[in-house]
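# Working through the structure, step by step
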Amino acid sequence: MTDPQNFYAEVGGAPVFDKLVSRFYEEVAADDVLLPLYPEKDLGPAEVRLRMFLEQYWGGPRTYSDQRGHPRLRMRHNPYKIGPIERDAWLRCMRIAVDEAGFDDAHREQIWQYMTYAAASMQNSDF
Ligand code: HEM
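Okay, so let's go over this structure. Since the structure is predicted, the reported quantities are computational estimates derived from the model, not experimental observations.

## A closer look at the site of the ligand
Taken together, the neighbourhood of the ligand is formed by 21 residues, with Arg-49, Tyr-64, Arg-68, His-77 and Trp-90 sitting nearest. With respect to the ligand, the side chain of Arg-68 contributes an N or O atom lying 2.6 Å from an oxygen atom. His-77 places a side-chain nitrogen or oxygen 2.8 Å from a nitrogen atom of the ligand. Among the elements of the structure, helix H3 (44-57), helix H4 (63-68), helix H5 (73-76), helix H6 (84-100) and helix H7 (105-122) are those that each provide at least two residues to the shell around the ligand.

In structure tokens, the structure reads:
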């Protein structure tokens, strides 16, 4: 398994993360469970934040922390009720994005495992 710090460079850097996150938000925009959670009608700013965060996590530029400080992702999700339905909707969108991003099998498996773990840890409601 790749060290997350090398992942960004190994998979092709910015264009790949751009494709991944824009595809994810295309799905969010059409998702009846997720779309109502987004306070801003424009999903663009949320897309930029998720892209910066993922780039940083996987060893790319540290722009997320420069602009947003410590991620504290669980805390930042507190305003939203995230139960099993929201978690599964998020993963459904992310599955499509991951599958279409052009990763080789090993990198796809690695980032998908992370996404399922991260989505479960963001859950803050049992229903
Ligand atoms: C922000 C929903 C999981 C990363 C947000 C926002 C919503 C949301 C509604 C606010 C939009 C905005 O930034 O304007 C959800 C739901 C999830 C989920 C329903 C289901 C499990 C995740 C996961 C990650 C993540 C697993 C990371 C791998 C982020 C980031 C932000 C964010 C980086 C922006 C935080 C900031 O700097 O303010 N999410 N999220 N989310 N989410 Fe999630």
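The rest of the description comes next.
## Here's the deal with the coordination of the iron atom of the ligand
Here the protein supplies the iron atom of the ligand with just one donor, His-77 (NE2), and that contact is 2.0 Å long. Counting through the fold element by element, His-77 comes out in the loop between H5 and H6.

## Some details on the layout of surface pockets
It is the rolling of a water-molecule-sized probe over the atoms that shows where space remains empty. Volume-wise, the largest pocket comes out at about 840 Å³. Taken together, 31 residues make up the lining of the largest pocket; nearest its centre are Tyr-25, Tyr-38, Leu-50, Leu-73 and His-77. Of all the elements in the fold, those that place two or more residues in the lining of the largest pocket are H3, H4, H5, H6 and H7. Here the lining of the largest pocket takes 7 residues from H7, the largest share from any one element. Of the residues assigned to the lining of the largest pocket, the class counts are 22 nonpolar, 2 polar and 7 charged.

## Concerning the packing of helix H1 (residues 4-11) against H7
The geometry of H1 relative to H7 is characterised by a closest axis approach of 12 Å and an angle of 130 degrees between their N-to-C directions. For the element pair H1 / H7, the angle class is oblique. Handedness of the H1/H7 crossing: left-handed. Contacts between H1 and H7 pair Pro-4, Phe-7, Glu-10 and Val-11 from the former with His-107, Gln-110 and Ile-111 from the latter. Looking at the contact of H1 with H7 residue by residue, the classes come out as 4 nonpolar, 2 polar and 1 charged.

## Some details on the environment of Arg-51
Following the sequence through the fold, Arg-51 ends up in helix H3. Among the residues examined, Arg-51 registers a relative accessible area of 22% and is labelled partly exposed. Spatially, the C-alpha atoms of Arg-51 and Tyr-64 are 8.5 Å apart, while their sequence positions differ by 13 residues.

## What about the pattern of salt bridges?
If the charged atoms of two oppositely charged side chains come close together, the side chains can form a pair. Scanning the model with the defined rule gives 10 salt bridges in all. In this structure, Arg-23 engages Glu-100 in a salt bridge whose closest nitrogen and oxygen atoms are separated by 2.8 Å. Taken together, the residues span a long stretch of sequence, with Arg-23 in helix H2 (residues 14-29) and Glu-100 in helix H6 at a distance of 77 residues. With a closest N to O distance of 3.3 Å, Arg-92 and Glu-27 form a salt bridge. Remark: Glu-27 occurs in helix H2 and Arg-92 occurs in helix H6; sequence separation between them is 65 residues. On the accessibility criterion, Arg-92 (39% relative accessible area) is partly exposed. A single salt-bridge network, built from bridges that share partners, covers Arg-23, Glu-26, Glu-27, Asp-31, Arg-92 and Glu-100.

What counts, and at which threshold
What you see as residue numbers is a count from 1 along each chain, following the sequence as written. Local features are withheld for residues below a pLDDT of 70 in this predicted model, meaning they are given only at 70 or higher, and side-chain atom pairs are given and counted only at 80 or more; totals for whole chains, interfaces and linings count all residues. Heavy atoms from the whole structure form the basis of all side-chain values; hydrogens and water molecules are not counted. Definition of nearness: a residue and a molecule or strand are near each other if at least one heavy atom of the residue lies within 4 Å of the molecule or strand. Throughout this description, a polar contact denotes any pair of N or O atoms lying within 3.5 Å of each other; where both atoms belong to protein, one of them has to be capable of donating a hydrogen while the other can accept it, and for residues adjacent in sequence the pair is counted only when both atoms sit in side chains. A run of DSSP states H or I qualifies as a helix once it reaches four residues; a run of E qualifies as a strand once it reaches two. Both are numbered from the N-terminal end. Nitrogen, oxygen and sulfur within 2.8 Å of a metal are treated as its donors, or within 3.2 Å for sodium, potassium and calcium (Na, K, Ca); water is not counted, so a site can appear incomplete. In the cavity and pocket records, a cavity denotes points on a 1 Å grid over the protein atoms alone where a 1.4 Å probe fits but cannot get out, a pocket denotes an open set with protein on both sides within 12 Å along at least 5 of 7 lines, and lining residues are residues with an atom within 4 Å of a point. Grid points are joined across faces, edges and corners, and a volume is the space filled by probe spheres set on the points. Residues are sorted three ways: Asp, Glu, Lys and Arg are charged, Ala, Val, Leu, Ile, Met, Phe, Trp, Tyr, Cys and Pro are nonpolar, and all the rest, Gly among them, are polar. Axes here mean lines fitted to C-alpha atoms, for a helix over just the part in contact, with angles spanning 0 to 180 degrees between N-to-C directions. By the definition adopted for this analysis, an angle is roughly parallel if under 35 degrees, roughly antiparallel if over 145, roughly perpendicular if from 65 to 115, and oblique otherwise. Handedness of a crossing follows from how the near helix is turned relative to the far one, being left-handed for an anticlockwise turn of less than a right angle and right-handed for a clockwise one. Working rule for contacts: check all heavy atoms of both residues, and any pair within 4.5 Å makes them a contact. Throughout, exposure labels follow a simple rule: accessible area from a 1.4 Å probe, protein chains only, divided by the maximum for the residue type, with under 20% read as buried, over 50% as exposed, and the rest as partly exposed. What makes a salt bridge here is a side-chain nitrogen of Lys or Arg within 4 Å of a carboxyl oxygen of Asp or Glu, nothing more.

Keep in mind that these numbers describe shape and distance, not what the molecule does.
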